[in-house]
Structures are given as structure tokens and as C-alpha cells.
Amino acid sequence: MITYSSENVRMPKIRKRDTSAWIKKVAAAHGRKVGEIGYLFCDDEKILEVNREFLQHDYYTDIITFDYDEGDVINGDLVISLDTIRTNAELFNKSYEEELNRVIIHGILHLCGINDKGPGEREIMEAEENKALAMLG
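Residues numbered from 1 in each chain as written. Predicted model: local features only at pLDDT ≥ 70, side-chain atom pairs only at ≥ 80, totals over all residues. Heavy atoms only, no water.

K.L.:
Mind showing me how you'd approach the pairing of strand β1 (residues 2–6) here?
P.N.:
Bridge analysis of β1 against strand β2 (residues 33–42) gives 5 bridges, and the strand direction is parallel. Each residue of the ladder has a partner; that of S6, found in β2, is F41. In this view, the connection linking β1 to its parallel neighbour β2 by way of helix α1 (residues 16–29) has left-handed handedness. (Pairing = 2+ DSSP bridges. Helix = DSSP H or I, 4+ residues; strand = E, 2+ residues; numbered from the N terminus. Right-handed = clockwise from strand over helix to strand, strands pointing away.)

K.L.:
I'm lost on the side chain of R102 in this one. Help?
P.N.:
Mapped onto the fold, R102 is located in helix α4 (residues 96–111). Taking the relative accessible area as the measure of exposure, R102 reaches 14% and is therefore buried. Sequence-distant contacts of R102, defined by excluding residues within four places in its chain, comprise E126, E129, N130 and L133. (Buried < 20%, exposed > 50% of the residue type's maximum accessible area, 1.4 Å probe, protein only. Contact = heavy atoms within 4.5 Å.)

K.L.:
Got a minute to help me understand the packing of α1 against α4 in this structure?
P.N.:
Helix packing for two helices is described by the angle between their axes and how far apart those axes are. Two elements in contact, α1 and α4, have axes separated by 10 Å at closest approach and are oriented at 40 degrees. Classified by the interaxial angle, the pair formed by α1 and α4 is oblique. Crossing of α1 over α4 shows right-handed handedness. Taken together, the residues of α4 that come into contact with α1 (itself represented by T19, W22, I23 and V26) are N101, I104, I105, I108 and L109. The class makeup of the residues in the contact of α1 with α4 is 7 nonpolar, 2 polar and no charged. (Axes fitted to C-alpha atoms, helices over the stretch in contact; angles between N-to-C directions. Parallel < 35°, antiparallel > 145°, perpendicular 65-115°, else oblique. Left-handed = near helix turned anticlockwise from the far one by under 90°. Nonpolar A, V, L, I, M, F, W, Y, C, P; charged D, E, K, R; others polar.)

K.L.:
Can you help me understand the environment of L109 in this one?
P.N.:
Note that L109 resides in helix α4. Judged by its relative accessible area of 0%, L109 is buried. When the C-alpha atoms of L109 and I2 are compared, they prove to be 15 Å apart, with 107 residues separating the residues in sequence. Leave out the neighbours within four places in its chain, and L109 touches V26, H30, I114, M125, E128 and E129.

The following block contains the structure:
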């Protein structure tokens, strides 16, 4: 089951049923099934609080992914700052919707085992994000 909630921000205008179907399709393309996925859309202040409390990071980010995978079933909590999505959309000259979808699927790709911190991994993640975005009908 995939759930969507918001804190300190209005829920983004996403088609939940379509988004959930897309997430399942992307997970299946990586040989995974979707278990319990929870999205929390929030503001920069909330994501900074989560970063400090759980990761000891003192900075803003677009997404934090908490991974509770069990075998080939992906489970996790994904915290997304809509403030940072808006800033990054402008920075990368993308639409807000495209940047939001990229970040929504970025967390799922992490749950599927794709990393982006090591050498060459960022390029792999970007390629996988682009493949996933192409699946969004």
C-alpha cells in the first residue's frame, strides 16, 4: 500500500492512483514488489528537522528515504520537501511537476537498491530516473 500525507504544506496535485500504479511498474522493472510505502510532503523546516534528528545532517535536502525493505518487497518512508523541489525546479530549469515526479521516483529507486553517493553512481541514478519518468504515462 502506498500512502500520501503532508505536513506544513498543501498536498501536491498528484493523481495518487496513477502515481501508485507508476511506482509499482518501476519497482517491478527492478524485480521488486511494493509493500508499505509512505510519502510525507513537507516544507524545508520539517525536512531539516528530520535530517538533524535521524541522520545528524544540518542541511536541507529534497528527499530523505528510510528503507525497511524485506527481500524483494520494498517498504519505506519517504520525506519530500516541496520547498526544495520548487527551488531545484528553477535551478535545473525544469517544471515543478517534473522535478516532483523525479524526486518521488528517486526514493523508490533507492529502495530498489540504486545508490547515488559513490563514484559513477549519480549517473546511473539519473539514467534510471529518466527511464522511470519515461514509464509515467
